[in-house]
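These are the residues of each chain, in order.
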Amino acid sequence: MPTTIRPPAAPPGSTVALVATSSPVSSDDLDRLVGYLRGRGYEVRTYPSCRAATGYLAGPAEQRAADLTAAFTDPDVRLIVPVTGGKGAAQLLPLLDYDAIAANPTILTAMSDPAVLLNAIHARAGLLTLHGPSGYDFFQNPVHEDTATAFFEAITGGLTGREVPGKDWRTVRGADGTVRGPVVGGHLGSIRALVGTDYLPDLDGTILILEEVFVDWVDIDAALTHLRLAGIFDRIAALVVGVPVDTSRGDAPDAGWDELIVRCVGGAFPVITNVEFGHTPRKIPLPIGGTVELRLDDDSPVLRYCDDLIEAR
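Predicted model only: the values in this text are computed from it and were never measured. (Residues numbered from 1 in each chain as written. Predicted model: local features only at pLDDT ≥ 70, side-chain atom pairs only at ≥ 80, totals over all residues. Heavy atoms only, no water.)

A. Structural view of the overall build of the protein. Of regular secondary structure, the protein possesses nine helices and 14 strands. Its C-alpha atoms put the protein at 50 × 45 × 40 Å along the principal axes. Counting every position in the protein, which comprises 313 residues, the buried fraction comes to 59%. Long-range contacts, defined as pairs at least 24 residues apart, comprise 81% of the intrachain contacts of the protein with a sequence gap of at least 6. Accessible area of the protein: about 12300 Å², with a carbon and sulfur share of 49%. The protein carries 25 positive and 40 negative side-chain charges, and their two centres are separated by 2 Å. (Helix = DSSP H or I, 4+ residues; strand = E, 2+ residues; numbered from the N terminus. Buried < 20%, exposed > 50% of the residue type's maximum accessible area, 1.4 Å probe, protein only. Contact = heavy atoms within 4.5 Å. Areas by Shrake-Rupley, 256 points an atom, 1.4 Å probe, with all protein chains shown as cover. Lys, Arg positive; Asp, Glu negative; His and termini not counted. Charge placed at Lys NZ, Arg CZ, Asp CG, Glu CD.)

What follows is the structure in structure tokens.
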């Protein structure tokens, strides 16, 4: 595992790079995103992939990878934002220059399909990345206020010591305990694609976060069972599961969501569900590679940030 690298802060006045790592985005959505970031006081630089479309992909993988690498190596850029999710980010993994990324640490925020990039870049370059909003969240009308506030605090100031109460979270297993570890993970389908590759971060003692959208319960069952059979859950300290969005239980057995999760993952580690870090409008920012502490309780679990995403000033 490379030495952990923290990127510099991205305060207003600095430059944001917009890239398309996965699927295309419409011109109207891109224009709204540029306008929003400029309204927050940022300079904005768009790359060719933002205006490319080849079916469900934002142009060839080579162009998308070149744009992402160019954003990292541009000395003016302090924040890189994929314009949306979709499909195809994993195609970039063998095409990226991880040494160049490590030599040019820059904040990369993403979720959904580009979560593969967050984890692979942390695994191969040692850079802390941010599981948080993508451009999609910032071309909505309106932008979710809590998501924006938490995000801009994370990229401009210290996270250490901040606490997030989880009044709607459910401690399915491990109540009245405390667990601490670095965060890895993200979108279940994307993280599953990293199993068996050298792009998956070291999982020993980690807080694994998983969330899913537009997938039936039977497919979630299959994905979680695959992770269990691959030994993923033998190594983690705790599992944090996001709020399921637009998932259908179909003909799943007569049990609830939490029971499905516990049955599939096995083990005895703490499990917390219904956490808003995925495809929900509100997104709690979680640094991939950064350490958090979970104080678990049946009624009011709390997440505490133990270190920062960004380098000390």
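Right, picking up where we left off after that structure.
B. Structural view of the pattern of salt bridges. In the structure shown here, the tally under the stated rule is 16 salt bridges. For the salt bridge of D76 with R45, the shortest nitrogen-to-oxygen distance reads 3.8 Å. Pair noted here: D76 is in the loop between helix 2 (61-73) and strand 3 (77-82) and R45 is in strand 2 (residues 43-46), with a separation of 31 residues, a long-range link. Assessed through its relative accessible area of 31%, R45 is described here as partly exposed. When the shortest N-O distance is used, the salt bridge between R170 and D258 registers 2.7 Å. In this pair, R170 is assigned in strand 7 (residues 170-173) and D258 in helix 9 (residues 257-265), connecting sequence segments 88 residues apart. Here R170 falls in the partly exposed class, since its relative accessible area comes to 33%. For D258, a relative accessible area of 14% puts it in the buried group. One salt-bridge network, held together by shared partners, links R45, D74 and D76. (Salt bridge = Lys/Arg side-chain N within 4 Å of Asp/Glu carboxyl O.)

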